[in-house]
Structure formats: C-alpha cells, structure tokens
Amino acid sequence: MKLLVAAALLLASPGALACSSALPLKGSVFVESCDPRDSTCRDATKQLYAYLQSTVDRPAVLSIAVQTSPWHIYGPDMRIMTMDDLVARIRPLLKSPV
C-alpha cells in the first residue's frame, strides 16, 4: 500500500511532469549528403579544420570549436558540461593575455 501511495504522489508531483522547453521544436530538416565519389563532395571535418586554420590568430582571443549538440556541451566522459565547467577545465591551461 505504501508503494502505491508513493507512486501516486510521485506522479501527481509537478516535478514529475515533463519540462516545457523555451525552444519549440517543429518539423524537421533534411540535409542531403553528397556522394563521396563525386569530385565536388567535400569532407566536412576537413573543411572545418581548414577554416579554423585560416582564421587570424589573435593572442588575446581564444577560439574553441566543439562538436556538440545545439543544447548541451559534452565532456570527454560524455556527461553534460555547463559553460562554467568548460571554463574551469580550460582556464588553468591559458597563458596571458587571454
């Protein structure tokens, strides 16, 4: 009986309800990939690397390219990281003037 009451309280709790999202997700997007055998097809990883290498290096600016989801940053252990977590990992490795 206690288990039934606990389950009923849990399900009636506002915390058990799904969270509303500030970003409405509607529809879908299809990004057509190209045939790798086609000479016009470019590897996205290589293109991104080339872009990052071609940017102007400014000593007071730290640029980070991270492959992640639009909503979360994942750490090396695949756990969600906050921006503060990311900064805490990077800050000790920085040298002035960044």
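In this report, we go over the structure that sits alongside the text.

Definitions and limits used
- Residues numbered from 1 in each chain as written.
- Predicted model: local features only at pLDDT ≥ 70, side-chain atom pairs only at ≥ 80, totals over all residues.
- Heavy atoms only, no water.
- Helix = DSSP H or I, 4+ residues; strand = E, 2+ residues; numbered from the N terminus.
- Buried < 20%, exposed > 50% of the residue type's maximum accessible area, 1.4 Å probe, protein only.
- Contact = heavy atoms within 4.5 Å.
- Areas by Shrake-Rupley, 256 points an atom, 1.4 Å probe, with all protein chains shown as cover.
- Disulfide = S-S within 2.5 Å.

Regarding the overall build of the protein
Each helix and strand counted, the protein has 3 helices and 2 strands in total. In the protein, the succession of helices and strands from N to C terminus is α-α-β-β-α. Counting over 98 residues, the protein shows a buried share of 5%. The contacts of the protein with a sequence gap of at least 6 include a subset with a gap of at least 24, amounting to 37%. Carbon and sulfur atoms make up 61% of the accessible area of the protein, which totals about 9700 Å².

Some remarks on the state of the cysteines
Enumeration according to the criterion identifies 1 disulfide in this entry. Here Cys34 connects covalently by a disulfide to Cys41, the sulfurs 1.9 Å from one another. Taking the torsion about the sulfur-sulfur bond, which here is approximately 65°, the covalent link between Cys34 and Cys41 counts as right-handed.

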